[in-house]
Amino acid sequence: MNLIKAASLVALSALLIACGDTSNQQDSAEASSELAVVPDIAARTPGYSEHNNAYFGDLHVHTMYSFDAFIFGTTASPDDAYEFAKGGVLRHPGGFDMQLKEPLDFYGVSDHAFYLGSLRSMATPGTELSKLDIANGMDTLSDGLNRRSKFQELITFLGTDRRDEILNQKVFKEAWDDIIGAANRANDPGKFTSFIAYEYTSSGPGNANLHRNVIFKGDEAPNLPFSRLDSLNPEDLWDWMDEKRAEGHESLAIPHNSNGSNGMMFQQTTFEGNALDATYAEQRMRNEPLVEISQVKGTSDTHPALSPNDEWADFEIMPYRIATNIDSAINGSYVRQAYMNGLKMQEDEGYNPFKFGLIGSSDTHNASYAGDEDNYWSKVGLVDDTPQERGSVKLDEPNADGGDYALNKSYKTWSAAGLAGVWAQENTRASIYDAFRRKETFGTSGPRIKVRFFAGYDIPAIDDKALLTKAYTNTTMGGDLIATESDTPSFLVWAARDANSAPLQRVQIIKTAVKDGQTVEEVFDVACADGNAVDPTTNRCPDNGARVDLSDCSYSQDKGAAELRTVWQDPGYAPSQRAMYYVRVLENPTCRWSTWDALREGVAPREGLHKTIQERAWSSPIWVTPLAGQ
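My aim in this report is to walk through the structure given alongside it, one point at a time.

Considerations on the layout of surface pockets
Logical step 1: Its boundaries defined by the atoms lining it, the second largest pocket holds a volume of some 480 Å³.
Logical step 2: Together, 29 residues line the second largest pocket, and Lys101, Asp372, Asp374, Asn500 and Ser501 are the ones closest to its centre.
Logical step 3: For the lining of the second largest pocket, the secondary structure elements donating two or more residues are strand E16 (371–372) and strand E30 (590–591).
Logical step 4: When grouped by side-chain class, the residues that make up the lining of the second largest pocket number 12 nonpolar, eight polar and nine charged.

What to know about the sheet that holds strand E21 (residues 475–476)
Logical step 1: The strand order E21-E20-E23-E28 describes an open sheet built from four strands, whose pairing is antiparallel. In this open sheet, the two strands that pair with only one neighbour each are E21 and strand E28 (563–568).
Logical step 2: Here seven bridges tie strand E20 (residues 450–456) to strand E23 (residues 490–496), and the two strands are oriented antiparallel to one another. Bridge pairing links Phe454 to Leu492 in E23.

Notes on the packing of aromatic side chains
Logical step 1: Applying the stated criterion across every chain yields a total of 36 aromatic pairs.
Logical step 2: With a centroid separation of 6.2 Å and an interplanar angle of 10 degrees, the aromatic rings of Phe67 and Phe151 are classed as stacked. Of this pair, Phe67 sits in helix H3 (residues 67–71) while Phe151 is found in helix H6 (residues 144–158), placing the two residues 84 residues apart along the sequence. The pair formed by Phe67 and Phe151 is uniform in burial state, with each residue classed as buried.
Logical step 3: With a centroid separation of 4.7 Å and an interplanar angle of 65 degrees, the aromatic rings of Phe114 and Tyr115 are classed as edge-to-face.

Points about the pattern of salt bridges
Logical step 1: What the rule picks out here adds up to 37 salt bridges.
Logical step 2: For Asp178, the salt bridge goes to Arg185, with nearest N and O atoms at 3.2 Å.
Logical step 3: Salt-bridge contacts for Lys470 lead to Asp464; the nearest nitrogen and oxygen are separated by 2.7 Å.
Logical step 4: By relative accessible area, which is 38% here, Lys470 ends up partly exposed.
Logical step 5: A relative accessible area of 17% means that Asp464 is categorised as buried.
Logical step 6: The structure contains a network of salt bridges with shared partners spanning Asp242, Arg245, Glu250, Arg286 and Arg437.

A closer look at the sheet that holds strand E11 (residues 212–216)
Logical step 1: Reading across from one edge, E8-E11-E12 is the order of the three strands in this open sheet, with antiparallel pairing throughout. Only two strands of the sheet have a single neighbouring strand rather than two, namely strand E8 (197–200) and strand E12 (251–255). Pairs of neighbouring strands in the sheet enclose a mean axial angle of 25 degrees, with direction left out of account.
Logical step 2: Where E11 meets E12, five bridges bridge the pair, whose relative direction is antiparallel. From the neighbouring strand, Arg212 faces E12, where its bridge partner is Pro255.

A look at unusual backbone geometry
Logical step 1: Despite not being glycine, Tyr115 shows a phi value in the positive range, around 55 degrees.
Logical step 2: By the element assignment, Tyr115 lies in the loop between strand E6 (106–109) and helix H5 (118–122).
Logical step 3: Of note, Asn262 is a non-glycine position whose phi angle comes to about 55 degrees, a positive value.
Logical step 4: Structurally, Asn262 is set in the loop between E12 and helix H9 (278–287).
Logical step 5: Residue classification places Asn262 among the partly exposed residues on the basis of a relative accessible area of 23%.

Basis of the calculations
Along every chain, residues carry numbers that run from 1 in the direction the sequence is written. Totals for whole chains, interfaces and linings use all residues, but because this is a predicted model, local features are given only for residues with pLDDT of at least 70 and pairs of side-chain atoms are given and counted only at 80 or more. Think of the side-chain values as coming from all heavy atoms in the structure, minus any hydrogens and water. Buriedness for pockets is judged along seven lines, at least five of which must meet protein on both sides within 12 Å for an open set on the 1 Å grid over protein atoms alone, while cavities are sets there where a 1.4 Å probe fits but cannot get out, and lining residues have an atom within 4 Å of a point. Grid points are joined across faces, edges and corners, and a volume is the space filled by probe spheres set on the points. Think of it this way: any DSSP run of H or I at least four residues long counts as a helix, any run of E at least two long counts as a strand, and we number them from the N terminus. Three residue categories are used. Nonpolar comprises Ala, Val, Leu, Ile, Met, Phe, Trp, Tyr, Cys and Pro, charged comprises Asp, Glu, Lys and Arg, and polar comprises the others, including Gly. Should DSSP find at least two bridges between two strands, the strands are regarded as paired. Here a Phe, Tyr or Trp ring, Trp counted by its six-membered ring, pairs with any other such ring whose centre lies within 6.5 Å, and the pair is stacked when the planes are under 30 degrees apart, edge-to-face when over 60, and tilted otherwise. Burial here depends on accessible area, computed with a 1.4 Å probe over protein chains only, as a share of the maximum for the residue type. Under 20% is buried, over 50% is exposed, and the range in between is partly exposed. Salt bridge, as used here: a side-chain nitrogen of Lys or Arg that lies within 4 Å of a carboxyl oxygen of Asp or Glu. Axes here refer to lines fitted to C-alpha atoms; in helices the fit is confined to the stretch in contact. Angles between the N-to-C directions go from 0 to 180 degrees.

Encoded structure:
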């Protein structure tokens, strides 16, 4: 590590956005008299920034090696997936082309380790698995109905004593080696980062979702991934990760779709039902520093029943357990409630097993991103590639129950994906992974909204020319701030819109705290678009008048902001109070994907579905710890 001169002499907006060409920032840093510790200059890649760049990616992508993706028509390889992420064209199983509006910065193919590559092998003539009775018809699968039927046959087969017939370590190994090889072939330091990854697809009783994506830091990985075939208990996954970390394979796991976990993802007992303790909390946080807050199968921030005073809580709620039409229990299934329970455990027991940073991702099973609201590619290949199949538009003929819409209840509640955002010095595996570890991360519901969040007792004025240099001497998102006896912390919040999406409407800070032995939550608007001011009585911005024309899905172009920023103090702050704060950024309203489907079909939007949504971003939290003894 070298000491070099570092400071910011560029415009404030360029500093804050810190994305794209940063050569001018580097030149000015060299000329400054301020000092900062940075990596060796020789190790830098083009675009390096000491103040961190915003990078966007997807860590939840399934290709032909995932058993469900393959049977639903996806034949694209991990190599194909990475080329798509870099800006290439990818063919959807439904026969149309998919291409991003702009390339992503990082990507992780995360195929299910559960029977990795097995169904593809069963459909390949001449292989050992293709000779099994259960493989009959795998090579001639046609439409979505035919594929659903075969999938159900396979699921039933896996519940019998014959399931071991398709256990083939050679098939697993060949697929895993290709996944590793594809990630290493795609990795291009300074331009594009690809992570070796996979999905651990565990579940609890009643199909409670306990899935995790496991992301490796380096260019090597264990011989085979740990899967549900090894254990359904996520704590056994953590043991395996600890063991492999000791062997040099650094990794982290990211839980997803807690909304479909039937209350198990954030339950306050172990998998086996035992009491939690400090050892459990330490191991979980060592292995799971992040959680996925939004993706195709819904958003897991909070639920209207848990946050009745949050007007924006009803956002892309997918209320079912994964792959079922069975309701998922609300308690224990949402991130904000977990944050609150973690604070209470920290207060009462001295440990917190739910101290997660936040990201978003897609969970696409098409080897692609899942698309935007106005160009939605959905999730599972030939099963939901049309508006009729995903329930946004009436069927041409009545369903089996005589109804007008597809029988599946969950597809219509799905969302147009999500994205992971990080603040990292450069676009490399090491730099982005380190950002994951320190939780300087944020998630979005799809747009590339950038959000920064700092807290401390020496926060600079919002127009300070050296804003970021000074801000980074304080606490950033994902960090801890210790209360002092006499000072009130300030919070620096900044957000910038995605140029390909709607302007921003407001920035909010969500607070959870332990007060008089009970957990509480509050939502504060802290920055308003269009010159509006926050009402100090309601802590809300006034309606800025942004509207959507449902006849063509156009939205207000003269309302909203490209950038919102402020320095804020909590009016209810108490140094004796254990608290946590995170940012939520809201765009102006736009059409939901289901409304776009209806518009293109020339029909009215389906009743019971939100016609518009407000896309958003969430920062990782900052935790405020009271003084000892308070």
